[in-house]
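The chain contents come next:
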Protein chains: 2
Amino acid sequence: MTEAVHTHHEHRTHGSHTPHIEGHFESSEIVRDIVIGLSDGLTVPFALAAGLSGAVASSRIVVLAGLAEIAAGSIAMGLGGYLAARGDAEHYVSEKQREEREIIDRTHDEEQEIYEIFEQYSVPRANAAPVLEALKQNPTAWVDFMMRFELGLEEPASNRAHRSALTIAASYIAGGLIPLLPYMLVQSNFMALKLSVIITLLALAIFGALKGRLVGTGGLRSALQTVLIGGAAATVAYLLASLLNNHSHSL
Amino acid sequence: MTEAVHTHHEHRTHGSHTPHIEGHFESSEIVRDIVIGLSDGLTVPFALAAGLSGAVASSRIVVLAGLAEIAAGSIAMGLGGYLAARGDAEHYVSEKQREEREIIDRTHDEEQEIYEIFEQYSVPRANAAPVLEALKQNPTAWVDFMMRFELGLEEPASNRAHRSALTIAASYIAGGLIPLLPYMLVQSNFMALKLSVIITLLALAIFGALKGRLVGTGGLRSALQTVLIGGAAATVAYLLASLLNNHSHSL
């Protein structure tokens, strides 16, 4: 689900490079991936199943469509997350190599860029000069400084791509199976729909509350938001499917 | 789909605060939202329809499930994007207010934080002191400096939340309708599946190539990646649905 979860948590820890906080930062990326997978997994298969249950008689088809959706969604999100993370890592490396070349080949330009960075904050050249002096003593630090302050890039955790893909996909599957359970266990579609609505809204509320605590938006508000998204998606899918179904039957 | 599209473009422009580049940055956010919506919209409804077409006889049910998925997915992604963007904006404002208080109430601590930022790049306190002097002359610039260099936060564009939600949802719908078209127009499920595979893989390739040009990963490689994701998701959904269908029929 887009970048729903630039967690506040993550933002907080962006600023620091100490080993302790790096650990913190990595674990928050896993949390973020779980949140990404769960929020879509709990929402879309739920809404699809609800929509279909109003239009088809057999709960077998609802389960089939739900499982096909979970397979498609988890692969699309997992592979998408994998490629995104790998792309970020490659991008970081290539930009870093470019900066490493530039501080040697185009030293003067890079010096100007440092002055320009500080000028954005009304720091005169004379005041920025000593910082430039210090950075020139230490090319590694200079490159790191440019990566962060010129380009705004963070070094991605190694191995992030695989872990990210698996975490997102597994969370999507886990989330998606919850709304489908009643359709697997209960014969009547209508009864299964009612049960699915109850357990999924409950799961969305618990998930939203936990997410809200983690990212600092507050449990209750976040719970209401996740329930709202899931509920709205399911309601619209239900109404749309019912409408289309009636329409096509009346033809 | 997660953060698949931290475009390189975007990263590039992060560093600058000039009006011209801000405009650039905003348009790249719209592109990013379109990419987010299209990549999921082209993939998941396509895979779901392919999966179901192998398991149910009626193309009516495939279309119904596909449209219900598009409704559910576009709302989940659109609302999710809306809340994420609004959350980012609120987070930025609250952190900025905190920094504004802190440079007054805890001036000494904030000064120390500036020294610490520079120490990460081996810049000694003596060299960082003139920058601090300059920032203290200009509290607004000081706060902006802390927002970016301590917390790593960018000011989100105003009105971003609404636009982001609508762009993502509309792109998801547009992408999702492409694979469903054949099922709406062709009677035979098998024929519709073949047509859907052809036009969707073509659309994924074109979309991937354009995306690759935009973000700088190269058109061909990006095209192969989007086709791979869509193809893998559709294949697994198809196999899973066929398997489950045969299994449940044999019971």
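Keep in mind that what you see is a predicted model, and the values were worked out from it rather than measured.

Before going further, it helps to spend a moment on the overall build of chain A. A count of helices and strands for chain A gives nine helices and zero strands. When its helices and strands are written in sequence order, chain A yields α-α-α-α-α-α-α-α-α. Classification of the 251 residues of chain A by burial places 55% in the buried group. Across chain A, every contact between residues at least 6 apart in sequence was considered, and the portion connecting residues at least 24 apart equals 71%. Counting only carbon and sulfur atoms, one obtains 64% of the accessible surface of chain A, whose full area is about 10500 Å².

With a phi angle near 55°, A:Ser122 is a residue other than glycine that sits in the positive phi range. Within the element layout of this structure, A:Ser122 appears in the loop between α4 (107–119) and α5 (125–136).

Once that is clear, we can look at the packing of aromatic side chains. As enumerated under the stated definition, the model contains 12 aromatic pairs over all chains in all. Summarising the aromatic geometry, the rings of A:Tyr121 and B:Phe145 are spaced 5.4 Å apart at their centres and angled 90° between planes, so their arrangement reads as edge-to-face. Residue A:Tyr121 is located in the loop between α4 and α5, and its partner B:Phe145 is located in helix α6 (residues 139–150); the two belong to separate chains. Exposure class is identical for A:Tyr121 and B:Phe145. Each is buried. Consider the rings of B:Phe118 and B:Phe145, whose centres lie 6.3 Å apart with planes at 25°: the pair is stacked. With B:Phe118 in helix α4 (residues 107–119) and B:Phe145 in helix α6, the pair connects residues that are 27 residues apart, well separated along the chain. There is no split in this pair, since B:Phe118 and B:Phe145 are both buried. Members of the aromatic cluster, joined through ring pairs, are A:Phe118, A:Tyr121, A:Phe145, A:Phe149, B:Phe118, B:Tyr121, B:Phe145 and B:Phe149.

Time to look at the packing of helix α5 (residues 125–136) of chain B against α6(B). All names here are of chain B. Where α5 contacts α6, the two axes come as close as 6 Å, and the packing angle between them is 125°. Considering their axes alone, α5 and α6 lie oblique with respect to each other. Two secondary-structure elements touch here, α5 through Leu132, Leu135 and Lys136 and α6 through Pro139, Ala141, Trp142 and Phe145. Tallied by class, residues from the contact of α5 with α6 come to six nonpolar, no polar and one charged.

Looking now at the relation of the copies chain B and chain A. The transform that puts chain B on chain A rotates by 180° and translates by 0.0 Å along the axis, for an RMSD of 0.0 Å. With respect to symmetry, the two chain copies, as superposed, fit the operation of a two-fold axis.

Attention shifts here to the interface of chain B and chain A. Listed per partner, the contact involves 84 residues of chain B and 84 residues of chain A. Along the contact surface separating chain B from chain A lie two salt bridges. Between B:Glu90 and A:Arg221 there is a salt bridge, and its shortest N-O distance comes to 2.9 Å. At the junction of chain B with chain A, the criterion picks out eight residue pairs in polar contact (both at pLDDT 80 or more). Those elements that place two or more of their residues in the side of chain B that touches chain A are α1 (8–14), α2 (19–53), α3 (59–105), α4, α5, α6 and α9 (219–250) of chain B. If one sorts the elements of the side of chain B that touches chain A by residue count, α3(B) sits on top with 25 residues. Residues belonging to the side of chain B that touches chain A are distributed by class as follows: 46 nonpolar, 23 polar and 15 charged.

For α4(A), which comprises 13 residues, the first-to-last C-alpha distance of 19 Å matches the rise-based estimate of 18 Å (1.5 Å per residue) to within 8%. Along α4(A), the residues classified as buried are A:Glu110, A:Glu111, A:Glu113, A:Ile114, A:Tyr115, A:Ile117 and A:Phe118. Where α4(A) is buried, its residues meet α3 (59–105), α5 and α6 (139–150) of chain A together with α4, α5 and α6 of chain B.

The final tally for this structure, using the stated rule, is 22 salt bridges over all chains. Linked by salt bridges that have partners in common, A:Glu95, A:Arg98, A:Glu102, A:Arg106 and A:Asp109 make up one network.

Right, let's talk about the confidence of the model for chain A for a bit. All names here are of chain A. With 88% of its residues at a pLDDT of at least 70, chain A reaches an overall mean of 83. In the model of chain A, helix α1 (residues 8–14) stands out as the element of lowest mean pLDDT, 31, in contrast to helix α7 (residues 160–185), which has the highest, 93. For the stretch residues 1–25, pLDDT sits under 50, and the model shows 72 contacts to residues farther than four places along the chain or on other chains. Predicted complex metrics record ipTM = 0.78 and pTM = 0.79.

With that settled, consider the environment of A:Ala165. Residues and elements named next belong to chain A. By the element assignment, Ala165 lies in helix α7. When its relative accessible area of 13% is taken as the criterion, Ala165 is described as buried. In this view, Ala165 contacts Gly78 and Tyr82; residues no more than four positions away in its chain are not counted.

Rules used throughout
Residues numbered from 1 in each chain as written. Chains lettered and ligands numbered in written order. Predicted model: local features only at pLDDT ≥ 70, side-chain atom pairs only at ≥ 80, totals over all residues. Heavy atoms only, no water. Helix = DSSP H or I, 4+ residues; strand = E, 2+ residues; numbered from the N terminus. Buried < 20%, exposed > 50% of the residue type's maximum accessible area, 1.4 Å probe, protein only. Contact = heavy atoms within 4.5 Å. Areas by Shrake-Rupley, 256 points an atom, 1.4 Å probe, with all protein chains shown as cover. Phe/Tyr/Trp six-rings, centres within 6.5 Å; stacked < 30°, edge-to-face > 60°. Axes fitted to C-alpha atoms, helices over the stretch in contact; angles between N-to-C directions. Parallel < 35°, antiparallel > 145°, perpendicular 65-115°, else oblique. Nonpolar A, V, L, I, M, F, W, Y, C, P; charged D, E, K, R; others polar. Least-squares fit on C-alpha atoms with pLDDT ≥ 70 in both. Salt bridge = Lys/Arg side-chain N within 4 Å of Asp/Glu carboxyl O. Polar contact = N/O pair within 3.5 Å; in protein donor to acceptor, adjacent residues only side chain to side chain. Expected span 1.5 Å × (residues − 1). pLDDT = per-residue confidence, 0-100.

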